[in-house]
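Spelled out, the chains give:
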Amino acid sequence: MNRLIDIFRNRNFTAYYLLPLFLIWSCGAIFLLLFGYELSFIRLNTMHKNWLDLPMMMLTMFADAGFISVLLIFLLIKRHAYELIMLLIAIILSGLLAQLLKHQVFDNWDRPPYLLKEQVHTVGKYILNHHSFPSGHSTTIAAVFTILAYFRRKYRWEILIYAILCPAVAFTRIYLGVHFLGDVIAGLALGFLCSLMLLWLIKPFELNPKPWVYISLKITAIIAAVIILAEFFGKYL
């Protein structure tokens with residue numbers, strides 16, 4: 001419990017990440033309460049511009065568990081092995097919980113295109129119909145940015161950017177018409193709580209992988225990223 005208290009006592013982490021993220025999350029929750037599950041989505045989803053479609057599609061890729069995992073491997077494996085492992089554990093754990101909720105607990109919750117039909121603004125062929133709650137992409141991005149913000153807590157403005165980018169990336173799920181606001185809010189909360197639990201339970205440790213491990217992981221990351229991007233844009237655009 002002392003370790004958890006220490007996390008919240010860190011002034012930079014609390015003031016520049018937790019507080020801004022909580023304020024934005026709270027605004028979303030209030031908006032949801034005011035307009036309801038479907039109308040809140042419609043009001044946000046209709047705020048679209050044609051020139052934003054492709055940037056939003058690309059931005060949402062950073063919340064894809066596979067894509068962000070290989071990106072993190074490529075960027076962090078050499079000098080930040082511990083942080084990388086924590087991030088990968090957070091992605092896997094939060095992703096498994098999100099999928100469990102989607103397919104076992106809330107398996108009858110359908111997505112906007114299925115329920116609202118022509119009222120939904122979608123992009124290209126990126127149309128999903130079922131297993132809406134919670135948003136897996138929102139869960140992943142919250143888990144990643146929370147871990148990153150904690151390890152980079154000395155850099156105030158950097159973690160403030162994380163606090164702003166986290167809900168911004170999650171918003172792409174509403175913009176693209178694949179999730180309701182409630183799905184996104186729940187996903188952000190789930191990802192944050194998963195990372196917070198990991199930071200509380202897992203103690204730091206040192207890793208010293210062999211040089212060939214770095215090379216193998218980087219090559220794997222590059223190949224995987226190319227495959228993921230090609231499949232994503234070939235399938236949905």
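Computed from a predicted structure; not experimentally measured.

Enquirer: How should the side chain of Thr-139 be read in this particular structure?
Expert: Within the element layout of this structure, Thr-139 appears in helix α8 (residues 136–151). A polar contact of 3.3 Å, which involves the side chain of Thr-139, links it to the backbone oxygen of Gly-187. Beyond its immediate sequence surroundings of up to four residues, Thr-139 is in contact with Ser-94, Ala-98, Gly-187, Leu-188, Leu-190 and Gly-191.

Enquirer: I would appreciate a short explanation of the packing of aromatic side chains in the present structure.
Expert: Where two aromatic rings form a pair, the distance of their centres and the angle of their planes describe that pair. A complete count under the given rule lists 14 aromatic pairs for this structure. Seen in terms of ring centroids, Phe-13 and Tyr-150 are 5.6 Å apart; in terms of plane orientation they differ by 90 degrees. Their pairing is edge-to-face. Of the two residues, Phe-13 sits in helix α2 (residues 11–35) while Tyr-150 sits in helix α8, which places them 137 residues apart along the sequence. The pair formed by Phe-13 and Tyr-150 is uniform in burial state, with each residue classed as buried. By way of ring pairs, the aromatic residues Tyr-37, Phe-41, Phe-106, Trp-109, Phe-133 and Phe-180 are connected into one cluster. Directly above the ring of Tyr-114 sits Lys-117, whose terminal nitrogen or CZ lies 4.8 Å from the centroid. Directly above the aromatic system of Tyr-150 lies the positively charged group of Arg-153, at a separation of 4.1 Å from the ring centroid.

Enquirer: Can you walk me through the nonpolar core in this structure?
Expert: Across soluble globular proteins, nonpolar side chains have a tendency to be buried as a group. Counting 49 residues, the largest nonpolar core has Tyr-17, Leu-72 and Ile-141 as its most contacted members. Elements with a contribution of two residues or more to this core: α2, α3 (37–45), α5 (65–76), α6 (81–105), α8, α9 (156–175) and α10 (181–201). For this core, the leading source of residues is α8, giving nine residues. If we skip the residues at most four places from it in the chain, Tyr-17 touches Asn-12, Ala-142, Phe-145, Thr-146, Ala-149, Ile-159, Tyr-162 and Ala-163. Met-57, Val-123, Tyr-126 and Val-178 belong to the second-largest nonpolar core, a separate cluster that totals eight residues.

Criteria and cut-off values
The written sequence of each chain sets the order in which its residues are numbered from 1. Given that the model is predicted, a residue must reach a pLDDT of at least 70 before its local features are reported, and side-chain atom pairs must reach 80 or more before they are shown or counted; all residues, however, enter totals for whole chains, interfaces and linings. By convention in this description, side-chain values take in all heavy atoms of the structure and omit both hydrogens and water. Where helices and strands are cited, they refer to DSSP runs of H or I of at least four residues and of E of at least two residues respectively, numbered from the N terminus. Polar contact is defined as a pair of N or O atoms within 3.5 Å, subject to the rule that within protein one atom must be able to donate a hydrogen and the other to accept it, and that residues adjacent in sequence are counted only when both atoms are side-chain atoms. Should any heavy atoms of two residues lie within 4.5 Å, those residues are counted as being in contact. Think of it this way: a Phe, Tyr or Trp ring, Trp meaning its six-membered ring, pairs with another when their centres are within 6.5 Å, and the plane angle makes it stacked under 30 degrees, edge-to-face over 60, tilted otherwise. When a residue's accessible area, from a 1.4 Å probe over protein chains only, is under 20% of the maximum for its type it is buried; when over 50% it is exposed; and in between it is partly exposed. Either the NZ atom of lysine or the CZ atom of arginine qualifies as a charge over a ring when it sits within 6 Å of the ring centre and within 35 degrees of the ring normal. Nonpolar cores are built from buried Ala, Val, Leu, Ile, Met, Phe, Trp, Tyr and Cys residues. Side-chain atoms within 4.5 Å join them into one set.

Geometry only, nothing functional implied.
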